[in-house]
Amino acid sequence: MIRVRFAPSPTGNVHIGNIRAAIFNWLYARHTGGKFLLRIEDTDLQRSTPEAIQKVLDAMQWLGLDYDEEAVYQTHNRPDHEAAVEKLLATGHAYRAKKGEGGECVLFRMPTEGTVEFDDLVKGHMRKKAEDLQDFVIVRSDGSPVFHLANVVDDIKQGITHVIRGDDHVENTFKHIQIFKALGAPVPVYAHLPMIVNAQGKPYSKRDGAAFIGEFKEQGFLPETLFNFLLLLGWAPGDDREIMTREEMIEAFSLERCKSSPSRFDMKKLLWMNGEYIAHMPREAFRAFFAGRLAEAGLPPQPLACTLDELIPCIQIRTKTLNDIPKNCAFFFTDDVAYDPAAVEKRLHKPEVPARLLAVAEAFEKLPEFTEAATEEVIRAMAAELGGMGPLVHPVRVAVSGVMEGPGLFEMLALLGRDRVLARLRKAATL
Ligand code: GLU
């Protein structure tokens, strides 16, 4: 029976690298029919506050990382850590010694000859000569057990068969293997996941942008997106699939397909993927969310000139993050258009623009019917003389919406209705 675990050290923020390890462990357990366990490594009493622990639990719940069995708190295993130390002392695998100025510590004895080796499922065969390995502290002079000891003793107690974690722990693994052996416990299988790096190949950190789960949530990303995106940072299904359902991921996941090279965090890809997930959200869920955001923003529940059902499809397929709403579509609900200063500067503040906007308004006014096709025809005909659609399409968009992004222009014009479009074109000509 496969038993894996997520063993976070709560610090107050949940970094994407950590939660990615949780995702890989979860998928491995669900794929193999094993157990996914949670162990909170809360021995740093300064940082492991109840709030910090709650952040971990919230992140897991948000991402749908449900765990089997009750969560284990490392601090509760202190008697097990102490018993293990006694055993190591009794068998000569550990010894007491004075360290520096401090009092007496317990050190673990590493081999003095030969090698320590293990087969990592991701990184391949790993090997270190004994002379490059030193004895290390397992109990501090204040009696508190060190990470290496607590981590291994807890893994033994929880019957962990596979340790899947970030490759910042590779060096530790040479130590951990020796503790497992000294305690007469089977050594688990290891899989160390590659580091997540920025565009420059350096470890991805908060300086590069959002790095903590809570930030992605605040920025309007869906948990489904983040789960899928983080899975692909270090794993690929072996075909060209990128967007996958939870069931497909469980079905396809294997540790053998994990990549060993660093995984580059690509914000563009994350935005694209979030847009795909939003586009495929059930219409009802999107509509409920949309209505909530309108209310929060103090906008009326119905658009000015069309129905919500007419409007929603064209908004939904273009929304990249939930926070785009209602920012990028408020102009459908109010005539008090909020003009983005950057958009005005870039698209409207040009000497030739006002006359063009007025000309477009005049041509629109003459149309027998104000439809998507009719407005497009007008713009195309006028654009032919200007050598392209851009010089008309961009200013018209900003004139009627106030922003540079939004639904297709002609769709948007039809949904706003002729009267409003004419009024806004004429007003924008004076901005
Ligand atoms: N608490 C350690 C960490 O968060 C655990 C590493 C492990 O998975 O063994 O880095």
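Each remark here, short or long, concerns the structure printed above.
Source: prediction; values computed, not measured. (Residues numbered from 1 in each chain as written. Predicted model: local features only at pLDDT ≥ 70, side-chain atom pairs only at ≥ 80, totals over all residues. Heavy atoms only, no water.)

1. Structural notes on the site of the ligand
Going by this rule: Only heavy atoms are used to decide nearness, and a residue is near a molecule or strand if one of them lies within 4 Å of it. Counting of polar contacts relies on pairs of N or O atoms within 3.5 Å, with two restrictions inside protein: one atom must be capable of donating a hydrogen and the other of accepting it, and residues adjacent in sequence are counted only when both atoms are side-chain atoms. Shrake-Rupley sampling with a 1.4 Å probe provides the accessible areas, and residues are treated as covered by the protein chains on show and by no other component.
Close to the ligand lie Arg5, Ala7, Pro8, Ser9, Glu41, Phe147, Asn151, Arg165 and His169, which account for all nearby residues. Within the side chain of Asn151, one N or O atom sits 3.1 Å away from an oxygen atom of the ligand. For the ligand, the accessible surface in isolation is 300 Å², of which the surrounding protein chains cover 86%.

2. Regarding the sheet that holds strand S4 (residues 94-98)
Our working rule: A strand pair is defined by DSSP finding two or more bridges across the two strands. The helix and strand labels rest on DSSP assignments: H or I over at least four residues marks a helix, E over at least two residues marks a strand, and numbering proceeds from the N terminus. Convention adopted: a line fitted to C-alpha atoms gives each axis, helices being fitted over their contacting stretch, and angles between N-to-C directions are expressed from 0 to 180 degrees. Should any heavy atoms of two residues lie within 4.5 Å, those residues are considered in contact.
A sheet is described by the order of its strands in space; here three strands give the open sequence S4-S5-S8, paired in antiparallel fashion. Edge positions in the sheet fall to S4 and strand S8 (136-139), since each has one partner strand and no second. The sheet shows a mean angle of 50 degrees between the axes of neighbouring strands, direction not considered. Both strand S5 (residues 104-108) and S8 contribute to a ladder of three bridges, which runs antiparallel. Opposite Val106, over in S8, you have Val139 as the bridge partner. This element, helix H3 (residues 78-90), spans S4, S5 and S8 of the sheet and lies at about 95 degrees to S4.

3. Examining the environment of Asp119
With respect to the element layout, Asp119 can be found in strand S6 (residues 115-120). Distance from Asp119 to Val189, taken between C-alpha atoms, is 7.7 Å for residues 70 residues apart in sequence. Dropping the residues within four chain positions of it, Asp119 is found in contact with Gly124, His125 and Tyr190. At 2.9 Å, the side chain of Asp119 forms a polar contact with the side chain of His125.

4. A word on the packing of aromatic side chains
A ring pair, where both rings are aromatic, is described by two values, the distance of the centres and the angle of the planes. Applicable threshold: Ring pairs are drawn from Phe, Tyr and Trp, using the six-membered ring of Trp, whenever the two centres fall within 6.5 Å, and their geometry is named by plane angle: stacked under 30 degrees, edge-to-face over 60, tilted for the rest. Under the scheme applied here, a residue whose accessible area is under 20% of the maximum for its type counts as buried, over 50% as exposed, and between as partly exposed, the area being computed with a 1.4 Å probe on protein chains only. Any Lys NZ or Arg CZ that is within 6 Å of a ring centre and within 35 degrees of that ring's normal is treated as a charge sitting over the ring.
Enumeration according to the criterion identifies 14 aromatic pairs in this entry. Consider the rings of Phe216 and Phe221, whose centres lie 5.9 Å apart with planes at 65 degrees: the pair is edge-to-face. As far as the burial class goes, Phe216 and Phe221 line up, both buried. With centroids separated by 6.0 Å and ring planes inclined at 45 degrees, the aromatic side chains of Phe290 and Phe333 adopt a geometry described as tilted. Highlighted residues: Phe290 in helix H10 (residues 283-296) and Phe333 in the loop between helix H11 (308-316) and helix H12 (341-348), separated in sequence by 43 residues. Pair check on accessibility: Phe290 and Phe333 agree, each one buried. In textbook terms, an aromatic cluster arises when at least three aromatic residues are bridged by ring pairs, as seen for Tyr204, Phe216, Phe221, Phe229 and Phe265. Directly above the ring of Trp26 sits Arg246, whose terminal nitrogen or CZ lies 5.4 Å from the centroid.

5. With respect to the packing of helix H15 (residues 390-401) against helix H17 (residues 418-428)
In plain terms, the rule: Each angle receives one of four descriptions, namely roughly parallel if under 35 degrees, roughly antiparallel if over 145, roughly perpendicular if within 65 to 115, and oblique otherwise. Each residue is assigned to one class: nonpolar for Ala, Val, Leu, Ile, Met, Phe, Trp, Tyr, Cys and Pro, charged for Asp, Glu, Lys and Arg, and polar for all the others, Gly among them.
Between H15 and H17, the shortest axis-to-axis distance is 8 Å and the interhelical angle comes to 105 degrees. When the axes of H15 and H17 are compared, the pair comes out roughly perpendicular. Listed contacts from H17 to Val396, Ala399 and Val400 of H15 are Val421, Arg424, Leu425 and Ala428. Across the contact of H15 with H17, the residue classes tally to six nonpolar, no polar and one charged.

6. What to know about unusual backbone geometry
In this structure, Pro326 follows Ile325 across a cis peptide bond, with omega equal to 0 degrees. For Pro326, the location among the structural elements is in the loop between H11 and H12.

7. Let's talk about the side chain of Arg424
Among the secondary structure elements, Arg424 is positioned in helix H17. In terms of polar contacts, Arg424 uses its side chain to reach the backbone carbonyl oxygen of Phe331, at 3.0 Å.

8. Quick notes on the environment of Gln219
Take Gln219: it is sitting in the loop between helix H6 (213-218) and helix H7 (223-232). Residues Gln219 and Gly114, 105 residues apart in the sequence, show an inter-C-alpha distance of 52 Å. Once you skip the residues sitting within four places of it in the chain, Gln219 turns out to touch Ala210, Met267, Thr321 and Asn323.

9. Digging into the pattern of salt bridges
Where we set the bar: Put simply, a salt bridge is a Lys or Arg side-chain nitrogen that is within 4 Å of an Asp or Glu carboxyl oxygen.
A full pass over the atoms with the stated rule returns 24 salt bridges. Across the salt bridge formed by Asp154 and Arg39, the nearest N and O atoms sit 3.5 Å from each other. Placement of Asp154 in helix H4 (residues 147-157) and of Arg39 in strand S2 (residues 35-40) is noted, with a sequence separation of 115 residues between them. Take Asp154: its relative accessible area is 0%, and that puts it in the buried class. Of the charged contacts in the structure, one is a salt bridge between Arg293 and Glu296, with a shortest N-O distance of 3.9 Å. With Arg293 and Glu296 both in helix H10 and three residues apart, the pair spans about one turn of that helix.

Function-wise, these values are silent; they only describe arrangement.
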